[in-house]
Amino acid sequence: MTTSQRTFNVHEVISMLEPYQGARGRQTEYPGLGMGGSVVIDLIAEMQEDQSFHLTFDNLFTSLKLVDCLSAKQIACTGTIRCNRIEDCPVKSINEMKKTRRGTYDYATDVNSGLLVVRWNDNNIVNVVSNKVGIHPVQTARPWSRSEKKKVDVPQPFLIRHYN
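Residues numbered from 1 in each chain as written. Predicted model: local features only at pLDDT ≥ 70, side-chain atom pairs only at ≥ 80, totals over all residues. Heavy atoms only, no water.

Colleague: What exactly am I supposed to notice about the overall build of the protein chain here?
Modeller: In terms of helices and strands, the protein chain carries four helices and eleven strands. For the protein chain, long-range pairs separated by at least 24 residues make up 42% of all intrachain contacts whose partners lie at least 6 apart in sequence. Split by element, the accessible area of the protein chain, about 10400 Å² in all, is 48% carbon and sulfur. (Helix = DSSP H or I, 4+ residues; strand = E, 2+ residues; numbered from the N terminus. Contact = heavy atoms within 4.5 Å. Areas by Shrake-Rupley, 256 points an atom, 1.4 Å probe, with all protein chains shown as cover.)

Colleague: How should I be thinking about the side chain of Ser145 in this particular structure?
Modeller: Inspection of the secondary structure puts Ser145 in strand E9 (residues 144-145). For Ser145, a relative accessible area of 5% translates into the label buried. If sequence neighbours within four positions are ignored, Ser145 has contacts with Arg102, Lys150 and Val152. (Buried < 20%, exposed > 50% of the residue type's maximum accessible area, 1.4 Å probe, protein only.)

Colleague: Can you walk me through the pairing of strand E4 (residues 76-80) in this structure?
Modeller: Each regular strand shows side chains that alternate between the opposite faces of the sheet. Along E4, five of the five residues are buried, which leaves the element largely enclosed by surrounding structure. Where strand E3 (residues 54-57) lies against E4, four bridges are found, and the strand directions are parallel. Bridge pairing in E4 places Thr56 opposite Thr78. As paired strands, E4 and strand E7 (residues 125-130) are joined by three bridges and run antiparallel to one another. Pairing of Gly79 across the sheet is with Val129, part of E7. (Pairing = 2+ DSSP bridges.)

Colleague: Would you explain the nonpolar core in this entry?
Modeller: Soluble globular proteins tend to bury their nonpolar side chains together. Counting 22 residues, the largest nonpolar core has Ile44, Leu55 and Leu70 as the members making the most contacts within it. Secondary-structure elements contributing two or more residues to this core are helix H1 (34-44), E3 and helix H2 (64-72). Top contributing element to this core by residue count: H2, with four residues. Excluding anything up to four places from it in sequence, Leu70 contacts Val40, Ile41, Ile44, Leu55, Phe57, Ile75, Cys77 and Asn131. (Core = buried A, V, L, I, M, F, W, Y, C linked by side-chain atoms within 4.5 Å.)

Colleague: How should H2 be read in this particular structure?
Modeller: For an α-helix, 3.6 residues make a turn, and residues three or four places apart therefore share a direction. What H2 keeps buried is the set Leu64, Leu66, Val67 and Leu70. End-on, the buried residues of H2 take up no more than an arc of 160°, which puts them together on one face. Close packing links the buried residues of H2 with H1, E3, E4, strand E6 (116-121) and E7. A positive phi of about 60° marks Gln74, the residue just after H2. (Arc of directions from axis to C-beta.)

Colleague: Can you help me understand the pattern of salt bridges in this one?
Modeller: Between side chains of opposite charge, a pair can form as their charged atoms come close. Tallying each qualifying case throughout the model produces two salt bridges. A salt bridge links Asp122 to Arg102; its shortest N-O distance comes to 3.2 Å. Here Arg102 lies in the loop between helix H3 (94-98) and strand E5 (105-109) and Asp122 lies in the loop between E6 and E7, a separation of 20 residues in the sequence. Under the relative-accessibility criterion, Asp122 is labelled partly exposed at 22%. We note a salt bridge from Arg142 to Asp153, for which the minimum N-O separation is 2.6 Å. (Salt bridge = Lys/Arg side-chain N within 4 Å of Asp/Glu carboxyl O.)

Colleague: Would you explain unusual backbone geometry in this entry?
Modeller: Glycine aside, residues mostly have negative phi angles, and peptide bonds mostly take the trans form. Residue His136 is joined to Pro137 through a cis peptide bond whose omega torsion reads 0°. The topology assignment puts Pro137 in the loop between E7 and strand E8 (139-141). A positive phi angle is found at Glu87, which is not glycine, with a value near 55°. Of note in this structure, Lys149 is not a glycine but carries a positive phi near 55°. As for its position among the elements, Lys149 is in the loop between E9 and strand E10 (150-151). For Lys149, a relative accessible area of 62% translates into the label exposed.

Structure, rendered in structure tokens:
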């Protein structure tokens, strides 16, 4: 039996928790979504359908199939995504991106679904996917540069800022 604690804040901020119970503790798994995506689908079942939401999650949960599934349910979402989960998305490779300046980004949009995948060179390569937030307006981040020993201006796509 799965034990869950779910709370709803009147300020429209949702906080839900499902404690990890080991590989055998999870009873529900949705085909093609894996364990992480299945957890998200179970948790959104508690949301009120007459309100709009924007979910944000990390790369443990995110897959293109999950974002497509949430899009079909008209739920906005943004999340970091592991490079092996972006399937055949035509963005520059990790090795190509590592050779670029900090702040460089590449992106691809699926014209049918509106799904956007961005690969951004920060301190490390970051992959983010969204079905709602775009790259514009491009912002300026001010991260610390170890080599220059000071904060530097770095271009940052809007969905990265939104995720952070």
